[in-house]
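Structural features, examined
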Amino acid sequence: MTRLIIDTDPGIDDALALFFALAAPDVQLEAVTSVSGNVSVDKTTRNALSLLDLAGRSDVPVARGAERPLLRPAVYADYVHGRNGVGDVELPEPQHSPAAPHAVEMIIQTILGAPGEITLVALGPLTNLALAVRREPRIAEAVREVVIMGGALRVPGNVSPAAEFNIYADPHAAQIVFSAGWPLRLVSLDVTQQTVMAREQFATLARTGHPVTRTIQAMTDYYYDQFAGPRGIEGLSMHDPLCVAAAVHPDLIEWRRAYVEIELTGALTAGATVAYFNRAEDVDPSLAEGHTANILASVGVDRERFVALYLETLASAYTAQEQ
């Protein structure tokens, strides 16, 4: 059983990832923490609460997190995800309130309360993680692993030619997280953009008739109609669901050690993830000290196995709940 905290900014693909985590029989979801990202933290917190209610899992605590990046102004991706973050689908009014601790405290308390057992999965900007490891550095040794959806190492970004959205939205937080010394896997655009799903696959899933699968179809229909179609994009890249799946089944992905830093000052490249797959000192001797590999980087993915796992997990769980 893999014990997870999911730090997230729902977000259509964040919602797809949460539903997968809730459905997976080998996952124990300890908490959800919200952050500003795809939409404001007020909306991401409400969305997380409503999505858990929809899946019948209001027992999972949701802690509200950072409302803005560490230094830069907030940026949102509502042009992709809709004004409310979930494709303008009207989710049920949350039946419970956010947990009392702030997300940063929830992360610290949960990890220190179970040393070596908690995997921290980050699906949005890394503001909460940066604040948590700065406030309590011991979590870097106590966490089992940190798995991040973010970055573009050998491919173009999706918010600029150089940068992926989650890193771009709070690059200073990302730099703190990448240099914190904890075991870190990075699930980047290099692999997530290979895990594309078609509208028809979500429509087939919705035939279970469960509120979760019908909501998935409504959210993804919005994405195809309002964002992907007008831009000539074929399919929906399963960024966040792949990240959650990789936290539980790391053998879905081919990993390679790398040293990665974040571009903080470039006028055109802010938020870029600069990766050395060879030793940094081989490129520039001045980088030798303190620049050893800090991540396991995703360089390949078993797309067919992942898609089958995702669809089978949701179809099984959300059919069974109706019977």
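Residues numbered from 1 in each chain as written. Predicted model: local features only at pLDDT ≥ 70, side-chain atom pairs only at ≥ 80, totals over all residues. Heavy atoms only, no water.

Another point: the sheet that holds strand β9 (residues 253-262). Strand order in the open sheet formed by nine strands is β3-β2-β1-β4-β5-β6-β11-β9-β10, and the pairing between neighbours is mixed. Two strands in the sheet have a free side with no partner beyond their single neighbour: β3 (62-63) and β10 (273-276). Relative to β10, β9 is paired through four bridges, and the arrangement is antiparallel. Residue pairing for β10: Y259 is matched across the bridge by Y276. Running over the sheet, helix α8 (residues 171-178) touches β5 (145-149), β6 (184-187), β9 and β11 (295-301) and is turned about 115° from β9. (Pairing = 2+ DSSP bridges. Helix = DSSP H or I, 4+ residues; strand = E, 2+ residues; numbered from the N terminus. Contact = heavy atoms within 4.5 Å. Axes fitted to C-alpha atoms, helices over the stretch in contact; angles between N-to-C directions.)

Glancing now at empty space enclosed by the protein. Empty pockets left among the atoms are what a rolling probe the size of a water molecule brings to light. Across all of its chains, the model carries one cavity of 30 Å³ or more by this definition. Estimates place the volume of the largest cavity at around 40 Å³. Lining the largest cavity, in full, are S36, G37, R68, P69, A74, V75, P125, T127 and A169. Classifying every residue of the lining of the largest cavity by side-chain character gives five nonpolar, three polar and one charged. (1 Å grid on protein atoms, 1.4 Å probe; cavity = no way out; pocket = protein on both sides within 12 Å on 5 of 7 lines; lining within 4 Å. Points joined across faces, edges and corners; volume = space filled by probe spheres on them. Nonpolar A, V, L, I, M, F, W, Y, C, P; charged D, E, K, R; others polar.)

Looking now at the pairing of β6. Alternating positions in β6 separate into two faces, L184 and L186 on one and R185 and V187 on the other, with burial throughout. In terms of strand pairing, β5 meets β6 through four bridges, oriented parallel. Note on β6: the bridge partner recorded for V147 is R185. Examined bridge by bridge, β6 and β11 share two bridges and lie parallel to one another. Directly across from L186, in β11, lies its bridge partner A297. (Buried < 20%, exposed > 50% of the residue type's maximum accessible area, 1.4 Å probe, protein only.)

Here we take up the environment of G37. With respect to the secondary-structure elements, G37 resides in the loop between β2 (27-34) and α2 (41-54). Owing to a relative accessible area of 1%, G37 belongs among the buried residues under this scheme. Distance in space between the C-alpha atoms of G37 and N166 is 7.4 Å, their sequence separation being 129 residues.

Cis geometry marks the peptide bond from P10 to G11, where omega comes out at -5°. Mapped onto the elements of the fold, G11 is located in the loop between β1 (2-8) and α1 (12-23). A positive phi angle, near 55°, is found at D88, a position not held by glycine. Summarising the element assignment, D88 is placed in the loop between α3 (78-81) and α4 (103-113).

Turning our eyes to something else, we now look at the environment of L242. As for its position among the elements, L242 is in helix α12 (residues 239-248). For the pair L242 and T313, spaced 71 residues apart in sequence, the C-alpha separation works out to 13 Å. For L242, the contacting residues outside a window of four places in its chain are V187, V191, T192, T195, I253, V301 and F306.

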